[in-house]
Amino acid sequence: MANTSTRTLRLLSLLQTHRFWPGGELADRLGVSPRTLRRDVDRLRELGYPVDAQRGVDGGYQLAPGAALPPLVIDDEEAVALAVGLQTAAQGAVEGVAEASVRVLAKVVQVMPVRLRHRVEALRAMTVAAEWRGGPPPSGDVDPEALTTAALACRDAERVRFSYVAAGGPRTERHVEPHRLVRLGRRWYLVAYDLDRADWRTFRVDRLSDVHGTGARFRPRELPAADAAEYVRQRLGALMPRQYRVEIVAYAATDLVRQRVGRWCTVEDGEREDECQVRLTADSLEWPVMLLSGLGAEFRVLGPPELRERVRELGGRFGRATDGERGGERGGERG
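For clarity, every value in this text was computed on a predicted model and none was experimentally measured. (Residues numbered from 1 in each chain as written. Predicted model: local features only at pLDDT ≥ 70, side-chain atom pairs only at ≥ 80, totals over all residues. Heavy atoms only, no water.)

A. Up close: the sheet that holds strand β10 (residues 244-250). An order of β11-β12-β10-β13 is seen for the 4 strands of this open sheet, with the pairing classed as antiparallel. Taken across any chain shown, the strands that pair with only one partner, and hence form the sheet edges, are β11 (266-269) and β13 (299-303). On average, each strand axis in the sheet is tilted by 25 degrees relative to the strand beside it, whichever way the strands run. Contacts between helix α10 (residues 286-293) and the sheet are confined to β10, β12 (276-282) and β13, with β12 contributing the most and set at about 150 degrees to the helix. (Pairing = 2+ DSSP bridges. Helix = DSSP H or I, 4+ residues; strand = E, 2+ residues; numbered from the N terminus. Axes fitted to C-alpha atoms, helices over the stretch in contact; angles between N-to-C directions. Contact = heavy atoms within 4.5 Å.)

Here's what the structure looks like:
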């Protein structure tokens, strides 16, 4: 009976790849006869999984969408990735789903094997969430294994080694004392003391590879900032100095504007109920222009002068586009 149950779970895992499986190939994968495969498929259907069957020489099986959500079979790496995504959503990175994410995360962690649960709980304890108001940092592909290994090392005060590729630089080998993980927007950072450089550093987790603990413990050092999130913000601010302080009056209710763009700006009440003040800093004009286009309301640019000129230029360009005029035929401009 145990062998049958194991085989059924293996069949379900294969079907959940969403591909069409020829009957012969699927039976070979499971090491069973076509007749046994049909019985296993019927067993899945009894459990509520809608399996489509195609008969004939080219026949096979495929898992179809169902009316209800049956249990899923996922591997270790997928389980950790799911927990990481749920934790990110639970910390407010995705609006409107935080409460549901907390509930689902609790269910997922509860049924995880102990070895995976320790990794996810370490990640939850060692991660600091932070907001970035200069525009959303681009996301990077993060290896869940690297992320949870770093989290465990932070929790256990264990020195780690890894390969790292800085922006525009060569691959280097690092030996560090990890402090905390910081999730800034859609990007993850590791704050650590670099032993070879004798100084604190921030490392983008999507640029880490071959992360492994050394077994050597250390006494935590004092971080030169109020917390890890503030240290990352300071480091990024030093690398990308802010050039523009943007001030805008939006002619819409404060709550509405805050819902649309409040994650990246400061939105405060205006002198009237139907207007509000929007402020942000940016290292280029492209992000404020994109933000203004998403306001969905009338607005007035108070500063800086460069942004007013940029908005005026774009307004003229879009106006000419609707008039059917070519850029470059008016005032010597090029579109």
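B. Looking closely at the side chain of Ser 163. Along the polypeptide, Ser 163 turns up in strand β5 (residues 158-165). Accessibility expressed as a relative area gives 6% for Ser 163, which makes it buried. A distance of 2.8 Å separates the side chain of Ser 163 from the side chain of Glu 173, its partner in a polar contact. Those residues in contact with Ser 163 that sit more than four places away from it in its chain are Arg 171, Thr 172, Glu 173, Arg 207, Leu 208, Ser 209 and Asp 210. (Buried < 20%, exposed > 50% of the residue type's maximum accessible area, 1.4 Å probe, protein only. Polar contact = N/O pair within 3.5 Å; in protein donor to acceptor, adjacent residues only side chain to side chain.)

C. Here's a closer look at the packing of α10 against helix α11 (residues 305-323). Packing of α10 against α11 brings their axes to within 11 Å, and their N-to-C directions diverge by 55 degrees. Comparing the axis directions of α10 and α11 gives the class oblique. Here the hand of the crossing between α10 and α11 comes out right-handed. Each of Glu 286, Pro 288, Val 289 and Leu 292 in α10 lies in contact with α11, whose residues at this interface are Leu 307, Arg 310, Val 311 and Leu 314. Considered class by class, the residues forming the contact of α10 with α11 number 6 nonpolar, no polar and 2 charged. (Parallel < 35°, antiparallel > 145°, perpendicular 65-115°, else oblique. Left-handed = near helix turned anticlockwise from the far one by under 90°. Nonpolar A, V, L, I, M, F, W, Y, C, P; charged D, E, K, R; others polar.)

D. Main features of the sheet that holds strand β2 (residues 51-54). Taken in spatial order, the 3 strands make up an open sheet running β1-β3-β2, and their pairing is antiparallel. Strand pairing shows two members of the sheet lacking a second neighbour, β1 (21-22) and β2, which therefore form its edges. Note that β2 and strand β3 (residues 60-63) share 4 bridges and pair antiparallel. Opposite Ala 53, over in β3, you have Tyr 61 as the bridge partner. Against the sheet, helix α3 (residues 34-46) touches β2 and β3, its axis set at about 145 degrees to β2.

E. Here's a closer look at the packing of aromatic side chains. In the structure shown here, the tally under the stated rule is 4 aromatic pairs. Considering the side-chain rings of Phe 162 and Tyr 164, the 6.4 Å spacing of their centres and the 75 degrees angle between planes classify their relative orientation as edge-to-face. Its relative accessible area of 1% is what places Phe 162 among the buried residues. What makes Tyr 164 buried here is its relative accessible area of 6%. Between Tyr 164 and Phe 203, the ring centres sit 5.0 Å apart and the planes meet at 85 degrees, which makes this aromatic pair edge-to-face. Of this pair, Tyr 164 sits in strand β5 while Phe 203 sits in strand β8 (residues 199-204), and the two are 39 residues apart along the sequence. Grouping residues by exposure puts Tyr 164 and Phe 203 together as buried. Counting every residue linked through ring pairs, the aromatic cluster contains Phe 162, Tyr 164 and Phe 203. Residue placement shows Arg 221 over the ring face of Tyr 193; its charged tip is 3.9 Å from the ring centre. (Phe/Tyr/Trp six-rings, centres within 6.5 Å; stacked < 30°, edge-to-face > 60°. Lys NZ or Arg CZ within 6 Å of the ring centre and 35° of its normal.)

F. Highlighting a positive patch on the surface. A contiguous patch of positive charge, built from Arg 35, Arg 38, Arg 39 and Arg 55, is present on the exposed surface. You can see Arg 35 is positioned in helix α3. (Patch = residues over 30% accessible without salt bridge, like charges linked within 9 Å, V, L, I, M, F, W, Y side chains within 5 Å. Areas by Shrake-Rupley, 256 points an atom, 1.4 Å probe, with all protein chains shown as cover. Salt bridge = Lys/Arg side-chain N within 4 Å of Asp/Glu carboxyl O. Lys, Arg positive; Asp, Glu negative; His and termini not counted. Charge placed at Lys NZ, Arg CZ, Asp CG, Glu CD.)

G. Structural detail: the environment of Gly 213. Within the fold, Gly 213 resides in strand β9 (residues 208-217). The exposure class assigned to Gly 213 is partly exposed, which follows from its relative accessible area of 38%. Separated by 55 residues in the primary sequence, Gly 213 and Glu 158 place their C-alpha atoms 6.5 Å from one another. Leave out the neighbours within four places in its chain, and Gly 213 touches Glu 158, Arg 159 and Val 160.

H. Here's a closer look at the pattern of salt bridges. In total, this model carries 19 salt bridges according to the counting rule given. A salt bridge links Asp 199 to Arg 201; its shortest N-O distance comes to 3.1 Å. On the basis of relative accessibility, which here comes to 35%, the residue Asp 199 falls in the partly exposed class. Residue classification places Arg 201 among the partly exposed residues on the basis of a relative accessible area of 22%. For Arg 317, the salt bridge goes to Glu 313, with nearest N and O atoms at 2.8 Å. Of the two residues, Arg 317 and Glu 313 are both situated in helix α11; the distance of 4 residues between them amounts to about one turn of the helix.

I. Local environment of the nonpolar core. By size, the foremost hydrophobic cluster in this structure holds 29 residues, and its most contacted members are Phe 162, Leu 181, Leu 190 and Phe 203. Elements with a contribution of two residues or more to this core: α4 (76-93), α6 (114-126), α7 (144-156), β5, β6 (171-184), β7 (187-194) and β9. Counting residues per element, this core draws most heavily on α7, which supplies 7 residues. The contact partners of Phe 203, leaving out residues within four places of it in the chain, are Phe 162, Tyr 164, Arg 174, Val 176, Trp 188, Tyr 189, Leu 190, Ala 192, Asp 194 and Leu 208. One finds Trp 264, Leu 280, Val 301 and Leu 307 within the second-largest nonpolar core, a separate group that totals 22 residues. (Core = buried A, V, L, I, M, F, W, Y, C linked by side-chain atoms within 4.5 Å.)

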